[in-house]
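Given next are the chains, with one letter for each unit.
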Amino acid sequence: DFLSRRSVPDPQAPTVRPRHLRTTPAMRRLAREHVVDPSALILPVFVREDIDDPRPVEAMPGVVQHTLDSLRREAAACAKAGIGAIDLFGVPATRDETGSAAWAEDGILNRGIAAVRAEVGDEVVVCADTCLDEFTSHGHCGLIRPNGPRAGEVDNDATLATYQAMAVSQAEAGAHMVSPSGMMDGQVAAIRAALDATGHDDVAILAYSAKYASAYFGPFREAVGSTLTGDRRAYQQDPANRREGMREVMLDVAEGADIVMVKPAGPYLDVLADVAAASPVPVAAYQVSGEYAMVEAAAQRGWIDRERVIAESVLGIVRAGADMVLTYWAREIAENPALR
Ligand code: PBG
């Protein structure tokens, strides 16, 4: 009968079979388009003033606020694991209206930078967050206008001078790279000029270019003990805007950014893909605190496979076009090949 006449091809059978490349683990490995390389991972870390032991961040299981000692140990472990960079955030003991501890030579962030640089030398890129929000009493990323019709608003241009002071102090503390995250207009150009004028022309700028006013930053606010009451919608981008992300990137590149960033990562993969396709400089993406917390929380309840979801979430960011990824799992991923 018809079915037994094998010389006649089954008209239903596909002639092209993508499954050929999925048959064995070795075949799948061979055919992989993207890999997560430890050298392209950046670990954000928090260093807190005036504590004797590391403090867990409740909303980010596995993440702590470091002492200077525990920070050094973390940095050494990062170097050993072969990750690309460490990005430092400071949690000061006291805050004031202008955030002056941000650029104080003995400010906690600058001491943290010096400690990490002493530990890792040039083996790992030492990067620092260049923004006032951890240091101001009001929690905003810039200076607040004290009076006039716009009293209470962030003063863009007045803020730039504080970013310059902060970036220069970070370079002096030993940072290889500074990373302005405040979304003030002109911040990259201002910082570049200040670094160049003070003999730090070798220091790179990782620009938070397309940074959105995101609820996914929630757990980070606990990690830095943020005092913010309102929101940052007057300076961070509207989550509805895709084209605007590219505009911000183009401006930062023109102002001298060495690397541009899209943040958050997972919910903004469209923006990331746009930027990756057009940027003349490397592109970073920041898998933020909320992205981390959601996975850890669901995993704690046994609702998802933690390791597989971590691997898939970071791979997705790389697949969308990120050349490097900031993630709180950076060291763990570098140490455990099952996570990549
Ligand atoms: C601002 C800054 C924030 C984050 C990184 N840099 C907070 C904010 O913009 O409100 C968030 C990072 C995260 O959520 O993991 N200095």
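Scroll up to find the structure this text is about.
Throughout what follows, the structure given in this document is the object of discussion. (Residues numbered from 1 in each chain as written. Predicted model: local features only at pLDDT ≥ 70, side-chain atom pairs only at ≥ 80, totals over all residues. Heavy atoms only, no water.)

## Re the overall build of the chain
Next up, step 1: A tally of regular secondary structure across the chain gives 11 helices and 10 strands.
Next up, step 2: Taken over the C-alpha trace, the chain has a radius of gyration of 22 Å; the compact-globule value for 340 residues is 20 Å, and the two agree within 12%.
Next up, step 3: Here the C-alpha coordinates of the chain stretch approximately 90 × 45 × 40 Å along the principal axes.
Next up, step 4: Relative to its full complement of 340 residues, the chain shows a buried share of 50%.
Next up, step 5: In the chain, once contacts between residues fewer than 6 apart in sequence are set aside, the share between residues at least 24 apart is 74%.
Next up, step 6: With the model as given, the accessible surface of the chain reaches about 16000 Å², and the carbon-plus-sulfur share is 51%. (Helix = DSSP H or I, 4+ residues; strand = E, 2+ residues; numbered from the N terminus. Rg over C-alpha atoms; globule rule 2.2 N^0.38 Å. Buried < 20%, exposed > 50% of the residue type's maximum accessible area, 1.4 Å probe, protein only. Contact = heavy atoms within 4.5 Å. Areas by Shrake-Rupley, 256 points an atom, 1.4 Å probe, with all protein chains shown as cover.)

## Description of the environment of Val-262
Next up, step 1: Secondary-structure assignment places Val-262 in strand E8 (residues 259-263).
Next up, step 2: The exposure class assigned to Val-262 is buried, which follows from its relative accessible area of 1%.
Next up, step 3: Considering only alpha carbons, one finds Val-262 and Arg-19, 243 residues apart in sequence, at a separation of 34 Å.
Next up, step 4: When sequence neighbours within four positions are dropped, the list of residues in contact with Val-262 reads Ala-210, Tyr-268, Val-271, Leu-272, Val-275, Ala-284, Ala-285 and Tyr-286.

## Observations concerning the side chain of Ser-169
Next up, step 1: Within the element layout of this structure, Ser-169 appears in helix H4 (residues 156-173).
Next up, step 2: With residues up to four places along the chain from it excluded, the contact list for Ser-169 reads Ala-102, Trp-103 and Asn-110.

## Side note on the pattern of salt bridges
Next up, step 1: Counted under the stated rule, the structure contains 12 salt bridges.
Next up, step 2: Measuring nitrogen to oxygen at the nearest pair gives 3.4 Å for the salt bridge that ties Asp-133 to Arg-232. One end of the pair, Asp-133, is in the loop between strand E5 (125-130) and H4; the other, Arg-232, is in the loop between helix H6 (218-223) and helix H7 (243-255), and 99 residues separate them in sequence.
Next up, step 3: Classification of Arg-232 by relative accessible area gives buried; the value is 4%.
Next up, step 4: When the shortest N-O distance is used, the salt bridge between Arg-145 and Asp-155 registers 3.9 Å. Note that Arg-145 is positioned in the loop between E5 and H4 and Asp-155 in the loop between E5 and H4, a separation of 10 residues in sequence.
Next up, step 5: Where salt bridges share partners, they join Glu-74, Arg-331 and Glu-335 into one cluster. (Salt bridge = Lys/Arg side-chain N within 4 Å of Asp/Glu carboxyl O.)

## Some details on the pairing of strand E1 (residues 41-48)
Next up, step 1: Burial of E1 is extensive: seven of the eight residues sit out of reach of the surface.
Next up, step 2: In this sheet, strand E10 (residues 324-326) lies alongside E1 in parallel orientation, the contact comprising two bridges. By the bridge assignment, Ile-42 is partnered in E10 with Leu-326.
Next up, step 3: Direction of pairing for E1 relative to strand E3 (residues 64-66): parallel, over a ladder of two bridges. Paired with Phe-46 across the two strands is Gln-65, which belongs to E3. (Pairing = 2+ DSSP bridges.)

## Some points on H7
Residues lying three or four places apart along an α-helix face the same way, a consequence of the helix completing one turn every 3.6 residues.
Next up, step 1: Its 13 residues give H7 an end-to-end C-alpha distance of 19 Å, which sits within 8% of 18 Å, the value for a rise of 1.5 Å per residue.
Next up, step 2: Burial in H7 covers these residues: Gly-245, Met-246, Glu-248, Val-249, Asp-252 and Glu-255.
Next up, step 3: Check the buried side of H7 and you find it contacts helix H5 (187-197), strand E7 (204-211), E8 and helix H8 (269-278).
Next up, step 4: Remark: Gly-256 follows H7 within two positions and exhibits a positive phi of approximately 110 degrees. (Expected span 1.5 Å × (residues − 1).)

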